[in-house]
Amino acid sequence: MDEKDIIFIEQLLYNTDKEFVVSQLENIDNPLLLHYFAANYNWNSGFNVPTVILENEVCDLGTGLLMFHYADGYRLLESSDVISSSSLEGWRDFLSNVYNKLLSLDFKTQDISFDPELTKIQKYKLKKSNPELPDVLINKSPGKVIDIPKI
């Protein structure tokens, strides 16, 4: 990633005009830029922006998995009741969308690897409580491992 890309992502991350950020993210055609943005996004700022990333046609499977785990998808894996009983509608809707997209592998590319870094014990407990749990949600995704710059 060159300096120009870092500056572009930095400007988006710190821009307070959400409409501008959304329009820029909708037009990004580089999956790595979406991945870097998602990895540096302030997840306390809501789920409208991550939804735009997820819906971008160049969003990679690794980016989807990153967003699932950064949005606290582990809680969904522990108990699906957590989602259905949550009063946080934006969080609930986003997690449902990314979960379903990951299960259906509804991504054009699988070039960017993301590792949720779950321990063997965490994976064991999740699989024990839900033997049907798909591996795509708990294992490292296929693709190239990339270093994510902190912006």
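Placed above this text is the structure.
Just so you know, these numbers come straight off a predicted model, no measurement behind them. Per chain, the residues get numbers from 1 upward, laid out in the order the sequence is written. Per-residue local features are limited, in this predicted model, to residues with pLDDT of at least 70; the limit for side-chain atom pairs, both in listing and counting, is 80 or more; totals at the level of whole chains, interfaces and linings are taken over all residues. Side-chain numbers here rest on the full set of heavy atoms in the structure, without hydrogens or water.

**What to know about the overall build of the chain**
Then, number 1: Helical segments are the DSSP runs of H or I of at least four residues, strand segments are the runs of E of at least two, and each set is numbered from the N terminus. Check the secondary structure of the chain and you find nine helices and two strands.
Then, number 2: For the radius of gyration, the atoms used are the C-alpha atoms, and the globule rule reads 2.2 Å times the number of residues raised to 0.38. Taking 2.2 N^0.38 as the reference for a compact globule, 151 residues should give roughly 15 Å; the C-alpha atoms of the chain span a radius of gyration of 15 Å, in line with that estimate.
Then, number 3: By its C-alpha atoms, the chain is 45 × 35 × 25 Å across when sized along the principal axes.
Then, number 4: Using a 1.4 Å probe on the protein chains alone, a residue whose accessible area is under 20% of its type maximum counts as buried, one over 50% counts as exposed, and one in between counts as partly exposed. In the chain, which comprises 151 residues, the proportion classed as buried is 42%.
Then, number 5: Any two residues whose heavy atoms approach within 4.5 Å at even a single point are treated as in contact. When contacts within the chain are restricted to residue pairs at least 6 apart in sequence, those whose partners lie at least 24 apart make up 73%.
Then, number 6: As displayed, the chain offers around 8600 Å² of accessible surface, 47% of which is attributable to carbon and sulfur atoms.
Then, number 7: Taking the 14 positively charged and 23 negatively charged side chains of the chain as two groups, their mean positions are separated by 9 Å. Per-residue accessibility takes into account occlusion by the displayed protein chains alone, with areas from the Shrake-Rupley method and a 1.4 Å probe. Two residue types count as positive, namely Lys and Arg, and two as negative, namely Asp and Glu; His and chain ends fall outside the count. By convention, the charge on Lys lies at NZ, on Arg at CZ, on Asp at CG and on Glu at CD.

**Details of the packing of aromatic side chains**
Then, number 1: Ring geometry is summarised as follows: Phe, Tyr and Trp rings, the Trp one being its six-membered ring, pair when their centres sit within 6.5 Å, and such pairs are stacked at plane angles under 30 degrees, edge-to-face over 60 and tilted between the two. Counted under the stated rule, the structure contains seven aromatic pairs.
Then, number 2: An angle of 50° between the planes, with centres 6.2 Å apart, marks the rings of Trp-43 and Phe-47 as tilted.
Then, number 3: Through pairs of rings, three or more aromatic residues link up here, namely Phe-37, Tyr-41, Trp-43, Phe-47 and Phe-94.
Then, number 4: Taking the ring centre of Phe-107 as reference, the NZ or CZ of Lys-101 above it sits at 5.0 Å. Lysine NZ or arginine CZ positioned within 6 Å of the ring centre and within 35 degrees of the ring normal marks a charge as sitting over the ring.

**Some points on helix α5 (residues 61–70)**
An α-helix turns once per 3.6 residues; consequently, residues spaced three or four apart project the same way.
Then, number 1: Counting buried positions over the ten residues of α5 gives nine, a clear majority of the element.
Then, number 2: By the burial criterion, the buried members of α5 are Leu-61, Gly-62, Thr-63, Gly-64, Leu-65, Leu-66, Met-67, Phe-68 and His-69.
Then, number 3: Looking at the buried side of α5, the elements it contacts are α3 (31–40), α4 (48–55), α6 (73–78), α8 (89–103) and β1 (112–113).
Then, number 4: Looking at where α5 begins, the residue whose side-chain oxygen comes 2.8 Å from the main-chain nitrogen of Gly-62 is Asp-60.
Then, number 5: A positive backbone phi angle near 70° is found at Asp-72, which sits one or two residues after α5. Here a polar contact means two N or O atoms within 3.5 Å. Within protein one must be a hydrogen donor candidate and the other an acceptor candidate, and residues neighboring in sequence count only if both atoms are side-chain atoms.

**So, the pattern of salt bridges**
Then, number 1: Salt bridges, as used here, are contacts in which a Lys or Arg side-chain nitrogen is within 4 Å of a carboxyl oxygen on Asp or Glu. Overall, the coordinates contain two salt bridges when judged by the stated rule.
Then, number 2: Where Arg-75 meets Asp-72, a salt bridge forms, and the shortest distance between an N and an O atom there is 3.4 Å.
Then, number 3: Residue Asp-72 is classed as partly exposed on the basis of its relative accessible area of 32%.
Then, number 4: With its nearest N and O atoms 3.0 Å apart, the salt bridge here joins Lys-127 to Asp-135.

**A word on the side chain of Ser-141**
Then, number 1: Turning to its location among the elements, Ser-141 is positioned in the loop between α9 (120–129) and β2 (144–145).
Then, number 2: At 3.5 Å, the side chain of Ser-141 forms a polar contact with the backbone oxygen of Ile-112.
Then, number 3: Among all residues touching Ser-141, those that are not within four sequence positions of it are Leu-61, Gly-62, Leu-65, Ile-112, Ser-113 and Phe-114.

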